[in-house]
Amino acid sequence: MLRAVRGGARFALCGARGRAGTGAAGQGPGSLRPPLQRRLVQQAPLAPAAAPPAVGRWLLACSGAVAGAVVLGGVTRLTESGLSMVDWHLVKEMKPPRTQQEWEAEFQKYQQFPEFKILNHDMTLTEFKFIWYMEYSHRMWGRVVGLAYILPAAYFWRKGWLSRPMKGCVLALCGLVCFQGLLGWYMVKSGLEEKPDSYDIPRVSQYRLAAHLGSALVLYSASLWTGLSLLLPRHKLPESHQLLRLRQFAHGTTALIFLTALSGAFVAGLDAGLVYNSFPKMGERWIPDDLLAFSPMLRNIFENPTTVQFDHRILGITSITAVTALYLFSRRIPLPRRTKMAVTSLLAVACIQVGLGISTLLLYVPTPLAATHQSGSLALLSVALWLMSELRRVPK
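**Points about the overall build of the chain**
Part 1 of the argument: Of regular secondary structure, the chain possesses 13 helices and zero strands.
Part 2 of the argument: Traced from its N-terminal end to its C-terminal end, the chain shows the element sequence α-α-α-α-α-α-α-α-α-α-α-α-α.
Part 3 of the argument: Counting every atom, the chain has about 21800 Å² of accessible surface; 65% of that belongs to carbon and sulfur.

**Comments concerning a nonpolar patch on the surface**
Part 1 of the argument: A cluster of nonpolar side chains, Tyr207, Leu298, Ile301 and Phe302, forms an exposed patch at the surface whose accessible area comes to about 370 Å².
Part 2 of the argument: Checked against the element boundaries, leucine 298 lands in the loop between helix 9 (241–269) and helix 10 (299–303).

**A few points about helix 11 (residues 305–330)**
Part 1 of the argument: With 26 residues, helix 11 should cover 38 Å at 1.5 Å per step; its first-to-last C-alpha distance of 37 Å lies within 8% of that length.
Part 2 of the argument: You can read the cap of helix 11 off the contacts: a side-chain oxygen lies 3.0 Å from the backbone nitrogen of threonine 306, and it is on asparagine 304.

**Digging into unusual backbone geometry**
Part 1 of the argument: With an omega dihedral of 5 degrees, the bond running from phenylalanine 279 to proline 280 counts as a cis peptide bond.
Part 2 of the argument: Positionally, proline 280 belongs in the loop between helix 9 and helix 10.
Part 3 of the argument: Across the junction of serine 295 and proline 296, the peptide omega takes the value 0 degrees, indicating a cis bond.
Part 4 of the argument: Topologically, proline 296 is positioned in the loop between helix 9 and helix 10.
Part 5 of the argument: The phi dihedral of aspartate 271 falls on the positive side, at around 50 degrees, and the residue is not glycine.

**Quick notes on the pattern of salt bridges**
Part 1 of the argument: The full count for this structure, using the stated rule, is 11 salt bridges.
Part 2 of the argument: The salt bridge partner of arginine 139 is glutamate 135, with a shortest N-O separation of 2.8 Å. With arginine 139 and glutamate 135 both in helix 6 (residues 125–159), this residue pair falls four residues apart, about one helical turn. A single burial state applies to arginine 139 and to glutamate 135, both of which are buried.
Part 3 of the argument: In this structure, glutamate 239 engages arginine 393 in a salt bridge whose closest nitrogen and oxygen atoms are separated by 3.2 Å. Separated by 154 residues along the polypeptide, glutamate 239 in the loop between helix 8 (206–231) and helix 9 and arginine 393 in the segment after helix 13 (367–390) bring together distant segments of the chain.
Part 4 of the argument: Its relative accessible area of 45% is what places glutamate 239 among the partly exposed residues.
Part 5 of the argument: We classify arginine 393 as partly exposed; its relative accessible area is 46%.
Part 6 of the argument: Within this structure, Arg77, Arg203 and Asp271 form a network of salt bridges that share partners.

**Description of the packing of aromatic side chains**
Part 1 of the argument: The tally for this structure, following the rule as stated, stands at 18 aromatic pairs.
Part 2 of the argument: Taking the centre distance of 5.2 Å and the plane angle of 35 degrees together, the rings of tyrosine 110 and phenylalanine 128 count as tilted. Of this pair, tyrosine 110 sits in helix 4 (residues 100–110) while phenylalanine 128 sits in helix 6, placing them 18 residues apart in sequence.
Part 3 of the argument: On the accessibility criterion, tyrosine 110 (0% relative accessible area) is buried.

**Digging into the packing of helix 9 against helix 13**
Part 1 of the argument: Closest axis-to-axis distance for the helix 9/helix 13 pair is 10 Å, and the angle between their directions is 160 degrees. Judged by the angle between their axes, helix 9 and helix 13 are roughly antiparallel. For the pair helix 9 and helix 13, the crossing hand works out as left-handed. Facing helix 9, whose interface residues are Ala250, His251, Thr254, Ile257, Phe258 and Ala261, helix 13 presents Ser377, Leu380, Leu381, Ala384, Leu385, Leu387 and Met388.

**Remarks on the environment of alanine 350**
Part 1 of the argument: As for its placement among the helices and strands, alanine 350 is situated in helix 12 (residues 337–362).
Part 2 of the argument: Counting along the chain gives 29 residues from alanine 350 to threonine 321, while the straight-line C-alpha distance between them is 9.5 Å.
Part 3 of the argument: The contact partners of alanine 350, leaving out residues within four places of it in the chain, are Ile320, Val323 and Leu380.

**Observations concerning the nonpolar core**
Part 1 of the argument: Within the largest apolar cluster, 82 residues are counted, with the highest numbers of intra-cluster contacts made by Trp58, Tyr110, Phe128, Tyr149, Leu246, Leu346 and Leu387.
Part 2 of the argument: Residue contacts for leucine 246: discarding those within four places in its chain leaves Leu326, Phe329, Ser330, Ile333, Leu335 and Leu391.

**Focus: the environment of phenylalanine 249**
Part 1 of the argument: By the secondary structure assignment, phenylalanine 249 is in helix 9.
Part 2 of the argument: As for phenylalanine 249 and valine 323, which are separated by 74 residues in sequence, their C-alpha atoms are 9.3 Å apart.
Part 3 of the argument: Excluding residues that lie within four positions of it along the chain, phenylalanine 249 makes contacts with Ala322, Ala325 and Leu326.

**What to know about the side chain of asparagine 120**
Part 1 of the argument: Take asparagine 120: it is sitting in the loop between helix 5 (114–119) and helix 6.
Part 2 of the argument: Here tyrosine 110 takes part through its side chain, which lies 2.9 Å from a polar atom of the side chain of asparagine 120.
Part 3 of the argument: Residue contacts for asparagine 120: discarding those within four places in its chain leaves Tyr110 and Glu115.

Rules and cut-offs
- Residues numbered from 1 in each chain as written.
- Predicted model: local features only at pLDDT ≥ 70, side-chain atom pairs only at ≥ 80, totals over all residues.
- Heavy atoms only, no water.
- Helix = DSSP H or I, 4+ residues; strand = E, 2+ residues; numbered from the N terminus.
- Areas by Shrake-Rupley, 256 points an atom, 1.4 Å probe, with all protein chains shown as cover.
- Patch = residues over 30% accessible without salt bridge, like charges linked within 9 Å, V, L, I, M, F, W, Y side chains within 5 Å.
- Salt bridge = Lys/Arg side-chain N within 4 Å of Asp/Glu carboxyl O.
- Expected span 1.5 Å × (residues − 1).
- Polar contact = N/O pair within 3.5 Å; in protein donor to acceptor, adjacent residues only side chain to side chain.
- Buried < 20%, exposed > 50% of the residue type's maximum accessible area, 1.4 Å probe, protein only.
- Phe/Tyr/Trp six-rings, centres within 6.5 Å; stacked < 30°, edge-to-face > 60°.
- Axes fitted to C-alpha atoms, helices over the stretch in contact; angles between N-to-C directions.
- Parallel < 35°, antiparallel > 145°, perpendicular 65-115°, else oblique.
- Left-handed = near helix turned anticlockwise from the far one by under 90°.
- Contact = heavy atoms within 4.5 Å.
- Core = buried A, V, L, I, M, F, W, Y, C linked by side-chain atoms within 4.5 Å.

This is the structure we're talking about:
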């Protein structure tokens, strides 16, 4: 009996064959396992080998949900619908108005705020319903995104499928998605405030809009990068000097693409796409006269519509130049087929994105084209992250 107890752990780990005379019942070869061995086998943890692909697919799905929220938020901004809901309740506002009385009460609340008084004073209830549903859809989609992160994260955590570093990553992502919702309301609140000294149309703060978009892009990028890292095997590339330079070049280009997309928030926040609707010159000049019209000078970068559009143009031109140079440099290095596809796709999407941006400007920012241009920025960032994933180092 003592031999059976001391050997139980060895039996559980190695699946040892039964011996005659090792238990009180005297199990022989081919008989049932000893109770101690069976108990240890039942207590053994599940192997996490199958977990990373499931977690990776979940994170890719989450990044897609965030992309949908960004696109829907852009359309909400383009249709000037973002200030239609003047309250913020996490659960209460999930139920839309149903009766005529409820709609009239909601409309009366909207009439108390600057956008109606200054811009939409002749709006009808039917027109109000359209912009209200646009903002409602954006907010409800944001709640879906939150649940898409939190509920599966809790499930994977309970199953023990998350490694210790992955737990930290998942906690950060879930915290960021919650922060994103609060930041969205903080942004909307800036457009509901009375500004007696301002003669401009009511709009949200371009700083808060940029922060809201920037945090969404960070959430999207982190989710996509982590998902790709879990699903795509790393290439065993020779660590040459040229490959190191290509990797650094790809990282810098991705950062530039991110910055260009973020600058688009200032363009949207100030309606800067409606000034100087010509290309490549701005009006009759390469550098417009009112580029530095505000004082102090630093204000122009974030508050002057002319400067904001000028900066977005420069960043866009610099991005397409960097992508083209990256493509040409990559042609000198032997790369795997999938990596070559990523580089070529990056150049193709960059060219399409520049074409969309110029067309949006020349046509005075039509909503469908502008929304496509905003979606293109996400597509370009996605391909850049894919390329970075392809060029990852193989851990030693």
